[in-house]
Every structure is written in C-alpha cells, then in structure tokens.
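Tertiary structure, described
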Amino acid sequence: MTHTNKTGMSRRNFLQGAGLVAAAAAGAGLAGCAPQAPAPAETLAETGEASTAAATGEGNVYTSIAAQLNPQDYDYRQNSGDLSHVLSPWKLGNMEFSNRIVKSAAGSNYENGGWDAFVEYYRRLAAGGTEMIFVENFCHIFLPYTNIINGNIDEFTDEQVKQLTDAIHAEGAKCGTQTDIMGSAFYSEVSARGGHDAMYFTTEEIDYMVDCYVAAAKKFKAWGFDAWELNCAGNNQTQWFFSKSRNHREDEYGAQTFENRVRFIKRIIDAVKAELGEDFPIQVLMDAINENDLNMGENAEFNTVEDNIEIAKELEKAGVASLHMRLGPQEQHATQFLGDLYFDTRGCIGSTSFGGQFDFSRHFQGQLLANHDGCGLMLNLAKRFTEAVSIPVGTVTYMDPAHAPDFFDKAVADGMVDFMMMNRPLTVDNNYVNKLKEGKLDEIRPCTRCCHCWNDLEKNEPYSTAGFGGLNYQCRLDPIRDRVGQPEKGLPGWFDPPAGEGEKNVMVVGGGPGGMEAARIAAERGYTVTLYEKKGSLGGMLDFATLIKGPHQNLEDYRDWSIGDLERKGVTVVTGQEVDAAFIKEQAPDAVILACGGQRADLGISGDDATQVISIEDAAMAEVGQNVTIVGGNLQATDMAVYLLEQGKNVSIVTPENANMLAKGQSIWCRRFTLPMIYARGTKVWQESELVSAGGGSVTVKTSTGTETTYPCDTVIAAMDMLPNKDMLDELSGITAYAVGDCNDPYNIQHAIADGNIAARSI
C-alpha cells in the first residue's frame, strides 16, 4: 500500500488526547475475577446530602458502582509468538487432531442461500484448517411435538447431507452434528400441562424420545458424520432432567440422585452404542454452572458447579467421549453461549438484560474468569471439570487465540481446557486456523462481537424484547453472510468477489469502513485502486466509535486489519486530500466510489452560556455538563448516553420516533442489554417528542400530545439521524459512480461495509 499523508494528527494521539485510558483492575494472565472490595457505604440519607450529591455528580452512586463492580484488566493480550499448546495434538474418541480449535454447532444461516452455499461454507472452514467441525443443528429428530426453529430430520435427503460430509472430508477434516430440541418443541404441549418441567413428560413420551434420538444417531452416522453432540444445556429438555429447578419428578427420573438425573440421557447413550458401536463418539454439551438471571439470587434449586461436576462424572461413566461446557443462566438464552454480552455495555459490565447487574465476585459462585472483557469467560469453570473427569473438556464464549495468544496458549498448557469451541471468529475468517499456524495473526479478520450474526432484526425494524428477534444473520464485517446465493439481496458473485473485467482504475473517496471495504474488494478483483481520505488517517468514525463504546467490540483491531489488508492488496492511500467533482474528473478514473460520510441536519437551537448545544462528534472532546439531553434515538445517541452515564451524568433522550426504535442500527442483542441499563440508571426517554428550546440552564420538550415540560439541562448533544451526502454524484455524469455507506444511506457500520463490498463487486 502506497501511503501519502498530507496532514498531521495521528489516530493514537487523538485517542490519547480524548483520554481513552484502559482500565487497570485485579489480576493478570489467567487470574480469576477479583473485584476490589467496595468502599464503606456513605450515610448520605442521615446527613440529608443525597439529592445534592446526585445533582452535582459528587459521590454519584453510578460512578461508585462503575468503579467498584466487576473491574476489568484489559492488559491480557500479549503475544510472545508461541502458540505451541493451542497448535498441539489431541484426541476425540478415535480421531486425532493437530490443533485444539473446534467449530461449534452454532447457526450460520447459509442455507438461506441454498444447499450449495451451505455446503461451500463448511468446505471453506475445513480448507481453512479447522479439523473438527460440528455442523449446526440444521435438522431435528423425529418428535411428537412441532419444533418452531428448524426442520425435522426427514426433510433432508441422503444425497444432500452426503454432499456436505463428503465436502468436509475431502479437505481432510472431520465433522459431527448436534441435536438440540430446545424448549420450543415443548412450549405449547408441555407448558399447557403446567410449565417447563421434566415432571410433565409421561414415561411413554420418554421412551419415545429415546427411540427418536437413536433413530437420529443412526441416520447421522449413515450420512457420514464422524461424531454426535447432544445438547443437554440451556433450555433443552435433557437439561430439565439435570436440574432441580426444572425436574420435580418423583420417579426414577427425578432429581433426588445424580444417577436419576442422568438416567434419560444414559438410556440414549446406551442405546446408541448398542446400535452403532463404540467408534461413534458422543459429545455432551452441558451447563457448567446455573444462575437465575431474571430474579438474581433466587437460585436455591439451581445447579451449582459441584452439582454439574457430579453429572459430568455420571456422563463419563456412561461412555461419553468429551464434554462441551457452557454457561447456564436460565432465562436469557443468548448469554448461554454469548456470555460476552455481559461485557458489551460500557460502565454496566454484568448487565443481565433484565435491568439487573451481576456481581461476578459473588454470582455464579464467583467462578467466572470475568475480568478480561468476557474473553475466556469459562476457563476457570472448565478447569474444575478437567480436574474431575479424564475425558477431554472444551468450552465456549469468545475463545479466540488470535485475540489473546499467550492467554489462550497458557490456558491449554495449564490444563484449564483441552479444546476450544469457536464460532464467530471462524465465520468472520474461514482461514483462521491456517493463518494461526502460519503466524499471520495480523491477517486474521477480527470478530467485533457485535452479535449482528444471530437472530438480528432487519434494518429499521422496531426493537422488541419478545422472542429471539428477526431472521437476519448477517455479519458486520463479512457481507456475504446471509447474502450469498440470494440475488434479491444484491450481492454480485459467489463467496469470493468475481475477477475484474479488464484493467480499470478505481477511485475511492473516503476512508471509513465503507470506503476501506470498497477499496480492498476492488483491488482483490485485480483493479488499480487509489483511496483518498481528507483526514490525516483512515478509519472514518471508527475512532469516535472506539472512544465512546470502549474496547469491547475490537473496532481498533478491525481498523488496523483493514489498513493492513489495503497494503497487502496494493491499494494506494492518499490522506489529507480534499476531493471534489473537479478533482475526480481531473484524475479520470474508470469508476469512482463515494464513501465520504453522511451529514446531519441542524438542530435549529443555538443555546447559550448556561445550556450549550454541541454535535455528537464534538461531545467526546468537549466539556460536558452534569445534566445532558441527547437529541436523537439512533445507536450513536444511546452509545453516547451510556458513555455519559458511566461518568455519572444525568441523561435524558429526546427522539422523534417511538421508543421501540431506540438504538436503531444496533444489534438486537447489544440493544437488549444496553436499553434496560439506560432505563435502570434513571434516563428519561421522551419518545415522539421534540426539543423546542434550550437556554438559561434548562430545556423544554414538547410531546406528541402537545404538552411541554421544562427541566434542568446544561448540555444538549445533537445526535439526530444522519442524512445522505451524495450530491456529488450529479456532477459526475459520464463517470461510473457509486455512493456507499453513510454517504448513500446512513445507518451503521455493518451496512456501510456491505454497501462498499457490493459496489466494488459491481464494477
């Protein structure tokens, strides 16, 4: 990458100048969560100072909580260059592997693009070095109940599934599949009998379900799968038998003994082994520890880690080949495998999605490794199981050796885990393992933990706390996901961009996410690409997003990877260059992609010395008062609200839209954790309202009913939705031109990157 810089300020100086300092907390390496002891409670109620302190921000309760609850040590990402333990051999049953990375059976949704796309995704994972792949639960076993999530096993032909397993085997990898039933299969029938409890299954139904599992296992092996994972965690009916909280039976399947609790699953294992022999390894996915996340503390009947260890021992005696350990909060299904959602909301680490906040030094028995931003969250728990059983133990929740090489290599070396269950990092970069082996960690596209990839909402759909969300499974950084094989979604080509048509000079204007993606894809197609950015460095609003969001979503890593990939692909980068239509015509490119960002409408209110009015872009660097009103309801507005709440500010939000659109553009899962904490911290959201005046230390809000309310405010932050900024297209007649990202249709990082990718594929 040829790089000409025509201005001065570096991104790192910007961040340092803005005061972005990584928090230092207890422990390092693989130390467990060790929060600081809370300071003695102040007796403000006795002195009558509580209201004064809250108004001034002095001794603010939110600041105190943020400083004491779940402190983080972000200094865990060292890389000595030694991944010898992560890349060491191990065995699962009779299969041998050269590295400890295993693809979990999490959904990809590539089947939406047709079966060929589904097969190609898994083939690419195998070709990328992932040697053991558990295919997502794309089909379910025969049941007397209707499953509302996925199809049943008889909906797939032998030829289809053999195509899948043959493609994986042809790349030298092994594959298994998972069977989960989820509570969804029983919500109507069993709930109608009284609830989600194993006591409501008749013995005849138990017998029938055992037969169904055995029939499924026989078909899986005939299809060419090398192993089988039984999902006995979370809301699956097998977990109901394991836990006293969901098993109030009084017969031989009851919770009175651990042998009883495992009896149902043991019957399945015994029957499968009798039918298929010992050379078809069975892995069990189970909760390592259970906790009540809805009504925190009410967990008397929930399984402790010691309870689950006894269940694990019974499973080992039953002949299980390996264990996959997962977190077991009972109500929020997403955190059972996306436990790092607890760490996404800045200043609210431990947020439950129900408005509560865990104290990781006490909840989950204080057993989580919860001071490293959710990375390796389950490692301390996994070690309890590796010490209790002799079969291999793996675990999940942001297991990412490229993210923290020494951290994870030490975890394997110390026997904390035998293998790492991974999904998101492998989906973002199918060549993850090969690049890891080759020492090319900087070339691995990083997962940003945004959770757009799982049951997200479609663009501009209203927020809802009901169900799992929408049917959008797109990836923020890899636009082919849930687009490939679906021409109606506008992605030209197949998985890889099509080869370019002849020699073309492509100009990209703007170095934000959309522009960088467009430039690297156009170069990948073989075109000569020059990217122009008017600022002194690339990244666009990524610097701002990193500053406001904090480090959790790895946006700094993504920016650095993008810059590195531009260099690897030979893109010429020119910074400090203002570009207009005359300049473009002078350069005479064959195609131009405008990615120069959006613009915002003027708020129309000027404020005064007592109530300043500033833009959201300036807010991070400005001196913001104690009482803040944010005008706008998009994800930038709510991210800014959380950023200010962490500082102990009193925040209100005024939005012209319904509150169900609050934080639009954010993934449904990040929203589901952020919004309850915004509300729990006293933020007033004025929905379907407008700010009509600001000044004299107060603002006035007019609601949809016509009423007006005036309240104290010393800072107004204008964060209205961005508007398109593509007028330059009209001046470029005769030149093939595209507008992408915020320049074209402002929304979020995900859509900006997709726009850039699609435009570059279209040239």
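Whatever comes next refers back to the structure up there.
Keep in mind it's a predicted model, so treat the numbers as computed, not measured. Every chain begins its residue count from 1, and numbering advances along the sequence as written. Side-chain atom pairs in this predicted model are given and counted only at pLDDT of 80 or more, local residue features only at pLDDT of at least 70, and totals for whole chains, interfaces and linings cover all residues. For the side-chain quantities, the full set of heavy atoms in the structure was used; hydrogens and water were omitted.

1. Structural notes on the overall build of the protein chain
Rule in force here: Strands here are runs of E lasting at least two residues and helices are runs of H or I lasting at least four, both read from the DSSP assignment and numbered beginning at the N terminus. Throughout this description, buried means an accessible area under 20% of the type-specific maximum (1.4 Å probe, protein chains only), exposed means over 50%, and partly exposed covers the range between. Any two residues whose heavy atoms approach within 4.5 Å at even a single point are treated as in contact. Throughout, the Shrake-Rupley method with a 1.4 Å probe supplies accessible areas, and for residues the shown protein chains are the sole cover considered.
From N to C terminus, the protein chain includes 23 helices and 28 strands. The burial tally for the protein chain puts 59% of its 763 residues in the buried class. For the protein chain, the share of sequence-separated contacts (at least 6 apart) that also reach a separation of at least 24 residues comes to 73%. Of the roughly 27,900 Å² of accessible surface on the protein chain, a fraction of 47% belongs to carbon and sulfur atoms.

2. With respect to the pattern of salt bridges
What counts is decided by this rule: Salt bridges are defined as contacts in which a side-chain nitrogen from Lys or Arg sits within 4 Å of a carboxyl oxygen from Asp or Glu.
For the coordinates displayed, the defined rule picks out 37 salt bridges. Of the charged contacts, one joins Lys-569 and Asp-565 as a salt bridge, the two residues approaching to 2.7 Å between their closest N and O atoms. Residue classification places Lys-569 among the partly exposed positions, given a relative accessible area of 26%. Residue classification places Asp-565 among the buried positions, given a relative accessible area of 5%. A single salt-bridge network, built from bridges that share partners, covers Glu-517, Arg-520, Glu-524, Asp-565, Arg-568 and Lys-569.

3. A few points about the packing of aromatic side chains
Heads up, the condition is: Stacked, edge-to-face and tilted are the three classes for Phe, Tyr and Trp ring pairs, Trp counted by its six-membered ring, which pair at centre distances within 6.5 Å; planes under 30 degrees apart are stacked, over 60 edge-to-face, the rest tilted. Only Lys NZ and Arg CZ are tested; either one counts as a charge over a ring when it is within 6 Å of the ring centre and within 35 degrees of the ring normal.
For the coordinates displayed, the defined rule picks out 31 aromatic pairs. Residues Trp-90 and Phe-97 carry aromatic rings whose centres are separated by 5.5 Å and whose planes lie at 35° to one another, so their mutual orientation is tilted. Per residue, the accessibility class of Trp-90 equals that of Phe-97, and both read buried. Between Trp-686 and Tyr-711, the ring centres sit 5.9 Å apart and the planes meet at 5°, which makes this aromatic pair stacked. Highlighted residues: Trp-686 in strand E22 (residues 684–686) and Tyr-711 in strand E25 (residues 708–712), separated in sequence by 25 residues. Residue Tyr-711 is classed as buried on the basis of its relative accessible area, which comes to 13%. Across from the ring centre of Tyr-398, 4.1 Å away, lies the NZ or CZ of Arg-449, which sits over that ring.

4. Structural notes on the state of the cysteines
The test is simple: By convention in this document, the label disulfide applies to cysteine sulfur atom pairs within 2.5 Å.
Considering all chains together, one arrives at 0 disulfides under this definition. Looking at the unpaired Cys-743, the closest cysteine sulfur is the one in Cys-596, lying at 3.8 Å.

5. Thoughts on the sheet that holds strand E12 (residues 393–395)
Heads up, the rule is: DSSP-based pairing: two strands are paired if at least 2 bridges between them are found. Throughout, an axis means a line fitted to C-alpha atoms (over the contacting stretch in the case of helices), and angles, computed between N-to-C directions, take values from 0 to 180 degrees.
Pairing in this closed barrel of 8 strands is parallel, and the strands run E4-E5-E8-E9-E10-E11-E12-E13 around the ring. Mean inter-strand twist for the sheet, computed between neighbouring axes without regard to direction, equals 30°. Pairing analysis gives 2 bridges linking E12 to strand E13 (residues 419–422), with the strands arranged parallel. Across the sheet, residue Gly-394 finds its bridge partner in E13, namely Phe-419. This element, helix H6 (residues 158–170), spans strand E5 (132–135) and strand E8 (174–179) of the sheet and lies at about 140° to E8. With respect to the sheet, helix H11 (residues 305–318) is in contact with strand E10 (282–291) and strand E11 (322–329), its orientation differing from that of E10 by roughly 165°.

6. A look at the environment of Leu-542
Note that Leu-542 resides in helix H17 (residues 542–549). Taking the C-alpha atoms as reference points, Leu-542 and Glu-556, separated by 14 residues in sequence, lie 7.4 Å from one another. Among all residues touching Leu-542, those that are not within four sequence positions of it are Pro-513, Met-516, Leu-555, Tyr-558, Arg-559 and Ile-749.

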